[in-house]
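Descriptive structure summary
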Amino acid sequence: MQVIKFEFLKLLKKSRGWLGPILVFILIMIAYPLTVEVSDVELKQSFFSILWIAALLVIMLATEDIFLEDFNDGTLEQYAILQKNLSFIIGSKVFVYWLVIGVPISIIGTIFCVGTTSQTAFGYQILPVLLVSTYIFMNVFSFGNALSLTKGSVLGTLVTLPLLLPILIILGKVVVAINFDLNYSGFLLLLLGILSIIIMIIPMIISYIIRAHLE
Amino acid sequence: MNALVKAQNLSYKINDKKLFQGISFELLKGKALHIQGENGSGKTTLLRMVCGLTKPTKGDLITLTDKEVCFIGHKNAIKQYLNVEDNLALMNLNNHHDLQKYLSVFDLDKSLDINIANLSFGQQKKIALLRLFLNRSDLLILDEPCVGLDTNSQEILVDFLKKELANGKGIIYSSHIFLDFDSDSLGI
């Protein structure tokens, strides 16, 4: 719990780190309907693609320097020496980032979803999907950033971007299921299954990558 | 067992360049080892090996302590955007019974609410050194601990290290500034 508390403290004091991505997300959500001349029906159809892409890009932006500062100032070095369980610290860090950035984005995305579709029921269905998918994005992009920790973040992120294409395809299917009033819970369970594997494996892989960078 | 570290025939290579080779030493409890060498000779790399951060290309290194190793390196591991108090909490030192004593010794007790970015380099180094002064380790690894410290603080550091040696702790350090306490030398 102490690790989570400290990561909260660090992230909340860096308002640029969490407020920036949330504001960018809001900006995209507001700007999109203002910049395209489409009917309400077309807007509702294309809204979800924008929602997923915006969430993806904003999480990519949010995780840009998730490990960089700790690496540069020697904090990760101390963690590697003192703490036996580096993967737990990394998992906690990603969790805090998701809690501070991913959860607000999911809630804001849901509000925009209800506003655009004028259906409150859509909101109830989209919120859990957004929560799970932003956590998956957060983990995968953290992995990418760890890969290119000493070489600039963009390369690692670009390498990991294709890994998220199956998630985007599933998210597309979720929207189709919701639109046609089909049972979408299968897709949600699939996303939860993917997430449960990812949160076990990715922090472990990242801890190995970071130890390799420290060496 | 009286030994804290045993190193046998250590070598380290970066790409094809040999940094050092055939380094062997043993550190006993209550003893200090001064790693000496020119810039770029591999002193920091050797210290990081003892901490377990870097693996030797060849050779064996065993650390025989159950407690965590205290390492003070070039990087201070403090957050510039947090104040001193928050940094102490991050270092898990905020509840240490000797904290107030060392804050007073280093004249930091009135700077607890000041952001690290507003402190001088020397003051930042003193905060990083609190990790050493409030350590819970048997083995202290110090890489140039005196950089940025004034003469008075260097004397406090030397006195502290003498006490730690008397308490049976082991110290491995590198320093271009002379530290006045008994230690063996290892040239690389």
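Attention here is on the structure that accompanies the text. Quick caveat, the model's predicted, so the values are computed rather than measured.

Calculation notes
- Residues numbered from 1 in each chain as written.
- Chains lettered and ligands numbered in written order.
- Predicted model: local features only at pLDDT ≥ 70, side-chain atom pairs only at ≥ 80, totals over all residues.
- Heavy atoms only, no water.
- Contact = heavy atoms within 4.5 Å.
- Buried area = accessible area lost by both parts, 1.4 Å probe.
- Salt bridge = Lys/Arg side-chain N within 4 Å of Asp/Glu carboxyl O.
- Helix = DSSP H or I, 4+ residues; strand = E, 2+ residues; numbered from the N terminus.
- Pairing = 2+ DSSP bridges.
- Axes fitted to C-alpha atoms, helices over the stretch in contact; angles between N-to-C directions.
- Left-handed = near helix turned anticlockwise from the far one by under 90°.
- Nonpolar A, V, L, I, M, F, W, Y, C, P; charged D, E, K, R; others polar.
- Buried < 20%, exposed > 50% of the residue type's maximum accessible area, 1.4 Å probe, protein only.
- Lys, Arg positive; Asp, Glu negative; His and termini not counted.
- Polar contact = N/O pair within 3.5 Å; in protein donor to acceptor, adjacent residues only side chain to side chain.
- 1 Å grid on protein atoms, 1.4 Å probe; cavity = no way out; pocket = protein on both sides within 12 Å on 5 of 7 lines; lining within 4 Å.
- Points joined across faces, edges and corners; volume = space filled by probe spheres on them.

1. Some words on the interface of chain B and chain A
Taken residue by residue, the interface counts 21 residues in chain B and 20 residues in chain A. For the pair chain B and chain A, the summed buried area comes to about 2,000 Å², and 53% of that belongs to carbon and sulfur atoms. Of all residues in chain B, Leu53(B), Lys75(B) and Tyr81(B) bury the most surface against chain A, accounting for 30% of the area lost on that side. Summed over the shared surface of chain B and chain A, the number is 6 salt bridges. Its salt-bridge partner being Glu215(A), residue Lys55(B) comes within 3.9 Å of it at the nearest N-O pair.

2. Some words on the environment of Glu68(B)
Its place among the elements puts Glu68(B) in the loop between strand S4 (58–63) and strand S5 (70–72). For the pair Glu68(B) and Lys125(B), spaced 57 residues apart in the sequence, the C-alpha separation amounts to 21 Å.

3. A word on the sheet that holds strand S3 (residues 32–36) of chain B
All names here are of chain B. With parallel pairing, the 5 strands of this open sheet are ordered in space as S5-S6-S7-S3-S8. Every interior strand has two partners, whereas the edge strands, S5 and strand S8 (184–187), have only one. Each strand of the sheet is rotated relative to its neighbour by a mean of 15°, with strand direction disregarded. In the sheet, strand S6 (residues 139–143) pairs with strand S7 (residues 170–174) via 5 bridges, with the strands oriented parallel. Paired with Ile-141 across the two strands is Ile-172, which belongs to S7.

4. Overview of the sheet that holds strand S2 (residues 17–28) of chain B
Neighbouring strands of a sheet are bound in pairs by backbone hydrogen bonds; such pairs are parallel or else antiparallel. Residue and element names in this part refer to chain B. The sheet built from 3 strands is open, its strands ordered S2-S1-S4 with antiparallel pairing. Pairing within the sheet leaves two strands with one partner each, and these edge strands are S2 and S4. Across the sheet, the mean angle from the axis of one strand to that of its neighbour is 15°, orientation sign disregarded. Here strand S1 (residues 3–14) runs beside S2; their pairing, made up of 8 bridges, is antiparallel. Residue Ala-3 lies in a different strand from S2, and its bridge partner there is Leu-28. Across the face of the sheet, helix H1 (residues 43–51) comes into contact with S1, S2 and S4 while running at roughly 50° to S2.

5. A short note on the packing of helix H6 (residues 86–117) of chain A against helix H7 (residues 120–147) of chain A
The packing of two helices is summarised by the inter-axis angle and the distance between the axes. All names here are of chain A. Where H6 contacts H7, the two axes come as close as 8 Å, and the packing angle between them is 150°. Note that H6 runs across H7; the crossing there is right-handed. Here the contact of H6 with H7 is built from residues that sort into 17 nonpolar, 10 polar and no charged.

6. A closer look at the pattern of salt bridges
Counting across every chain of the model gives 15 salt bridges over all chains. For Asp65(A), the salt bridge goes to Arg16(A), with nearest N and O atoms at 3.8 Å. In this pair, Asp65(A) is assigned in the loop between helix H3 (40–62) and helix H4 (68–72) and Arg16(A) in helix H2 (residues 15–35), connecting sequence segments 49 residues apart. With relative accessibility at 68%, the residue Arg16(A) sits in the exposed group. For Lys93(A), the salt bridge identified is with Asp70(A), shortest N-O distance 2.8 Å. Within this pair, whereas Lys93(A) is found in helix H6, its partner Asp70(A) is found in helix H4, the two being separated by 23 residues in sequence. Relative accessible area serves as the criterion here: at 1%, Asp70(A) is assigned to the buried category. By sharing partners, the salt bridges in this structure join Glu7(A), Lys10(A), Lys14(A), Glu69(A), Asp70(A), Asp73(A), Lys93(A) and Lys79(B) into a single network.

7. Details of the side chain of Asp143(B)
All names here are of chain B. When you line up the elements, Asp-143 lands in strand S6. An unpaired buried charge is present at Asp-143: no salt bridge exists, and Lys-43, the closest side chain of opposite charge, is 7.0 Å distant. Within the structure, Asp-143 has its side chain in polar contact with the side chain of Ser-174 (distance 2.8 Å). For Asp-143, the residues in contact, after removing those within four places along its chain, are Thr-44, Leu-47, Phe-71, Ile-72, Gly-73, His-74 and Ser-174.

8. A word on empty space enclosed by the protein
Enumeration over the complete set of coordinates arrives at 2 cavities of 30 Å³ or more. Of the volumes computed, that of the largest cavity is approximately 60 Å³. Taken together, Glu7(A), Lys10(A), Leu11(A), Lys14(A), Asp65(A), Ile66(A), Glu69(A), Asp70(A), Lys93(A), Tyr97(A) and Tyr81(B) make up the lining of the largest cavity. When residues of the lining of the largest cavity are traced back to their parent elements, those giving at least two are helix H1 (2–13), H4 and H6 of chain A.

9. Comments concerning unusual backbone geometry
Residues and elements named next belong to chain B. Its identity as a non-glycine residue notwithstanding, Asp-107 has a phi of 60°, on the positive side. Tracing the sequence through the fold places Asp-107 in the loop between helix H3 (99–105) and helix H4 (121–133). The phi dihedral of Glu-144 is positive, around 50°, even though this residue is not glycine. Counting through the fold element by element, Glu-144 comes out in the loop between S6 and helix H5 (151–166). For Glu-144, a relative accessible area of 10% gives the class buried.

These values are about where atoms sit, not about what they do.
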